[in-house]
Amino acid sequence: MASADGCFQAALLEMDLLSSGQIQSLQVYRRHQQHFSLLAEVGESFPELTFSERVVGLLHQGKAARQRNLRILPLFGPAERVIGCLVLQTRSGARLPASYTRQLTRLVSSLVRAGFTFTLDHGLRRILEKLVHTARPLEILRPLLLEMVAQLGARGAGLFVYEQESDTLRMIELISFRRPAAHLEGADFEPFTSGVPAGITPYWRQILENAGPFRLDANNPDHEHLFWPGTREWHLSENEPLAVSFPLVLGGRPMGFIGLTFSAESSPDSAALDLAAPFAQEATLALALIEMGERAREQLRRKQVEALEKVNRTIQRGLDAIAAETNQNRAVGNLLRVLSEHLDCQSSALWLYDEEKDRFSVHLVVEEGRIVTQPEEMAGRWPLERDIQWRRHIEERRLTLYRVDELVPRSAQDFFHRLGVKMVLGIPLFSGRRILGSFKMRFGETRRFTKDTLELVQALSHQATMALELIQLSRRAEELAVSSERNRLAGEIHDTVAQGLAGILTQVSAAQGWLERTSSGGPAVEA
């Protein structure tokens with residue numbers, strides 16, 4: 001919380017509220033559906049508040065409230081939605097002008113919106129650190145689900161894995177803040193831990209076809225046929241009618257889903273679901289590493305120690321590349337370098353997709369172990385004016401090997417032959433249905449890759465997708481903060497102009513009166 005505290009303290013100092021001694025202490029709370037949790041505090045510390053039902057009701061209506069000697073002000077996000085509240089304790093006898101209060105709530109609202117992305121990033125980094133240092137990736141799944149529940153204000157969460165051989169879905173983790181652990185291990189949940197046929201209802205197919213968060217509402221008659229036997233009645237009896245499922249898919253292969261349950265009053269909006277998507281990416285990666293770990297143990301029994309150690313080192317380095325780097329752009333470059341060294345490729349590049357222009361452009365290149373971002377250093381081997389010419393790996397959403405001798409047009413073959421390239425590996429980077437970009441890796445000789453090698457590449461490129469999503473989320477938060485500041489300045493300019501016009505109108509009115517008195521022969525009054 002220290003970073004968030006520093007942001008709010010800097011904002012208050014800029015407004016001269018702390019230095020002037022008007023504010024004794026301040027707390028910022030972020031809204032989680034029906035309750036509020038402490039995000040940051042500045043000034044003299046006082047205990048975290050438990051808001052009365054009356055105060056919560058007023059805040060949900062967007063109204064200010066008082067509790068004891070504290071002023072409680074709502075904070076607003078997009079579409080005037082209440083995203084938190086500000087608790088002020090002023091010095092005895094101090095009075096804050098209404099203009100200061102409005103300015104303060106606008107500024108803190110923008111910081112809370114940006115702070116949500118900060119908290120999301122921070123939560124993911126904690127989970128990543130556990131994933132890097134644990135020998136059992138399964139151990140990070142529970143804290144990951146707890147983080148998702150906390151961020152979205154859900155009632156509970158379950159993780160289901162898909163077992164392709166038996167075509168069943170089996171629950172391997174279940175959490176809830178409302179029920180004791182013993183209740184979760186009861187007979188109600190036993191059928192799900194032993195496995196449910198995936199085709200028992202169209203639910204599993206719908207989750208995969210949606211390729212993103214899928215809402216299932218027990219109160220909606222049109223959804224009744226999608227519920228597994230007995231589950232709709234359970235959702236209604238527990239007052240958790242809404243279920244939101246996040247598909248876990250790696251390289252086109254379904255691995256399972258995460259299901260979150262919500263009360264009727266706490267339905268998450270689309271923005272909150274978009275922010276939760278990176279957690280699903282992490283769960284997919286953890287499941288992939290669990291599978292790879294199981295295969296690795298089998299390889300150990302077959303004496304393939306050297307190959308296993310190389311895979312483990314690459315996994316460790318790939319995770320370190322993301323977890324240890326605060327700049328997400330450099331983190332993606334580090335991850336591409338790890339992949340390039342593992343595959344021993346000649347050179348590689350990250351291409352980012354521009355949706356408006358429907359084209360890809362080179363963002364960074366890895367050459368001889370160096371990460372290159374300067375256009376003049378890339379131009380000779382990776383022409384910046386070119387778009388990706390071969391998009392089969394994008395269209396089919398899977399890793400694809402291109403043989404240079406089979407490429408068209410012929411001029412493309414000549415270009416690669418001059419560079420000594422015989423084969424290109426295309427790695428698509430998707431988030432749900434949305435294209436983020438592509439890795440392209442060049443090889444100077446014909447190569448064959450094992451299934452395990454390709455799955456390792458897919459798992460680590462999945463990690464790059466998460467990092468690219470965080471870059472976009474951070475950029476979106478910065479844009480929101482800039483927009484809020486721009487609106488504030490526009491309001492101030494409007495007030496200044498209005499005051500100036502009022503003064504001019506007063507002077508014009510006085511001049512007209514003087515002229516009327518002069519023209520009628522009345523005495524003129526000298527100023």
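What counts, and where the lines are drawn
- Residues numbered from 1 in each chain as written.
- Predicted model: local features only at pLDDT ≥ 70, side-chain atom pairs only at ≥ 80, totals over all residues.
- Heavy atoms only, no water.
- Pairing = 2+ DSSP bridges.
- Helix = DSSP H or I, 4+ residues; strand = E, 2+ residues; numbered from the N terminus.
- Contact = heavy atoms within 4.5 Å.
- Axes fitted to C-alpha atoms, helices over the stretch in contact; angles between N-to-C directions.
- 1 Å grid on protein atoms, 1.4 Å probe; cavity = no way out; pocket = protein on both sides within 12 Å on 5 of 7 lines; lining within 4 Å.
- Points joined across faces, edges and corners; volume = space filled by probe spheres on them.
- Nonpolar A, V, L, I, M, F, W, Y, C, P; charged D, E, K, R; others polar.
- Core = buried A, V, L, I, M, F, W, Y, C linked by side-chain atoms within 4.5 Å.
- Buried < 20%, exposed > 50% of the residue type's maximum accessible area, 1.4 Å probe, protein only.
- Arc of directions from axis to C-beta.

Our focus in this paragraph is the sheet that holds strand 9 (residues 214-217). Strand order in this open sheet of six strands is 8-7-6-11-10-9, and the pairing throughout is antiparallel. Bordering the open sheet on either side are strand 8 (196-197) and strand 9, each of which pairs with just one other strand. Bridging between strand 7 (residues 168-176) and strand 8 involves two bridges; their strand directions are antiparallel. Bridge assignment links T168 to a residue of strand 8, and that residue is P197. Against the sheet, helix 4 (residues 141-152) touches strand 6 (156-163), strand 7, strand 10 (242-250) and strand 11 (253-262), its axis set at about 65 degrees to strand 7.

Bringing empty space enclosed by the protein into the picture now. In this structure the tally under the stated criterion is two cavities of 30 Å³ or more. In terms of lining residues, the largest cavity is bounded by 13 residues, among which W351, W382, W390, F416 and R442 are the most central. A per-class count over the lining of the largest cavity returns eight nonpolar, one polar and four charged.

Now for the nonpolar core. Counting 60 residues, the largest nonpolar core has F246, I258, L260, F439 and M441 as its most contacted members. Per-element accounting of this core gives the leading share, twelve residues, to helix 9 (residues 270-301). Apart from residues lying up to four places away in sequence, F439 is in contact with V332, L336, L339, A349, L350, L425, G426, I427, L429, S461 and A464. If you look at the next biggest cluster of nonpolar residues, it comprises 21 residues, including Y162, L174, F192 and A243.

A412, Q413, F415, F416 and L419 are the residues of helix 14 (residues 410-419) that are buried. In a view along the axis of helix 14, the buried residues occupy a sector of 160 degrees, so they form one face of it. Opposite the packed face of helix 14, turned more than 90 degrees from it, sit the exposed residues R410 and R418. Where helix 14 terminates, the next one or two residues include G420, which has phi positive at roughly 75 degrees.

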